[in-house]
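Descriptive analysis of the structure
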Amino acid sequence: MDRRQFFAATAGAAAATVTLPSLTLAQSATIVDLAVATPELSTLVTAVQAAGLVDTLAGPGNFTVFAPTNRAFEHLPHGVLESLLQPENVGQLTDVLTYHVSGAYYPASAIVGQRGRIPTVQGGYIHANGRGNGVHLNGNAAVTTADVMASNGVVHIIDAVLLPS
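Let me sum up the structure you'll find in this document. By convention here, each chain's residues receive numbers from 1 onward along its written sequence. Predicted model: local features are reported for residues with pLDDT of at least 70 only, side-chain atom pairs are reported and counted for 80 or more only, and whole-chain, interface and lining totals are derived from all residues. Values shown for side chains rest on all heavy atoms present in the structure; no hydrogens or waters enter the calculation.

What about empty space enclosed by the protein?
Operational definition: Both cavities and pockets are sets of points on a 1 Å grid over the protein atoms alone; in a cavity a 1.4 Å probe fits but cannot get out, in a pocket the set is open with protein on both sides within 12 Å along at least five of seven lines, and lining residues sit with an atom within 4 Å of a point. Grid points are joined across faces, edges and corners, and a volume is the space filled by probe spheres set on the points. Where helices and strands are cited, they refer to DSSP runs of H or I of at least four residues and of E of at least two residues respectively, numbered from the N terminus. Residues were grouped as follows: Ala, Val, Leu, Ile, Met, Phe, Trp, Tyr, Cys and Pro as nonpolar; Asp, Glu, Lys and Arg as charged; and all remaining residues, including Gly, as polar.
Going through the model one piece at a time under the given rule, you end up with one cavity of 30 Å³ or more. Taken as a whole, the largest cavity encloses approximately 160 Å³ of empty space. Lining of the largest cavity is provided by 17 residues; of these, I31, V32, A35, L41 and L44 occupy positions nearest its centre. At the level of elements, α2 (31–36), α3 (42–51), α4 (54–58), β1 (63–68) and β7 (153–158) are the ones that each hand at least two residues to the lining of the largest cavity. It is α2 that provides the largest number of residues to the lining of the largest cavity, a total of four residues. For the lining of the largest cavity, the class distribution of residues is 16 nonpolar, one polar and no charged.

Below you can see the structure in the form of structure tokens.
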């Protein structure tokens, strides 16, 4: 799948799924700024705050973040999110969140060219594959909005929470 096919496959789903922030300063907005300005990412913002990762994701870097929507978090089994947000489970929450982050810059065109393996800050890999209907991660999460550019990286909005194995 080339870049044009990727964008064609994700464009329709993106418009229906997530309303992106209308930031006129998008080039200077960090990943955290973009997430805070996007109502559909409020659960992710809460989780990032609970894990103490705000400063990291607002800091300098060339991050790639696969950002699950609120609806994605709602599809976790009953009680999982509530449990992860408990202070005694901050280590598990951090593992889940850092599994959604790569320390390298992967715009959509690079995801398709990554041969299916994207290294994460958590230490694992996200497996990506291009299908006729878009790009899927770990076989179950679809990229619904690609290439939301931030000053410190790129965000791809996804429709499922990725869990490290």
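After presenting the structure, the write-up continues.
Comments concerning unusual backbone geometry
For clarity, the threshold we go by: To sort residues, take the accessible area from a 1.4 Å probe on protein chains only and compare it with the maximum for the residue type: under 20% means buried, over 50% means exposed, and anything in between is partly exposed.
At N138, a position not held by glycine, the phi torsion is positive, near 55 degrees. Relative to the elements of secondary structure, N138 occurs in the loop between β5 (134–137) and β6 (141–150). Residue classification places N138 among the partly exposed residues on the basis of a relative accessible area of 27%.

Brief notes about the side chain of T98
The line we're drawing: In protein, a polar contact requires one atom able to donate a hydrogen and another able to accept it; more generally it is a pair of N or O atoms within 3.5 Å, and residues adjacent in sequence count only if both atoms are side-chain atoms.
Take T98: it is sitting in helix α7 (residues 90–98). Here T94 takes part through its backbone oxygen, which lies 2.8 Å from a polar atom of the side chain of T98.

Quick notes on the environment of V148
Mapped onto the secondary structure, V148 falls in strand β6. Judged by its relative accessible area of 12%, V148 falls in the buried class. Considering only alpha carbons, one finds V148 and A108, 40 residues apart in sequence, at a separation of 9.8 Å.

Looking at the pairing of β7
Stated formally: Between any two strands, pairing holds if DSSP finds at least two bridges.
The element β7 is extensively covered by neighbouring structure, given that six of its six residues are classed as buried. Burial along β7 is two-sided: G153, V155 and I157 and V154, H156 and I158, pointing in opposite directions, are all buried. Bridge analysis of β1 against β7 gives six bridges, and the strand direction is parallel. Bridge assignment links F66 to a residue of β7, and that residue is H156. Pairing geometry for β6 and β7, over five bridges, is antiparallel. Among the inter-strand pairings, A150 is bridged to a residue of β7, identified as G153. Hairpin connection from β6 to β7: two residues lie between these consecutive antiparallel strands.

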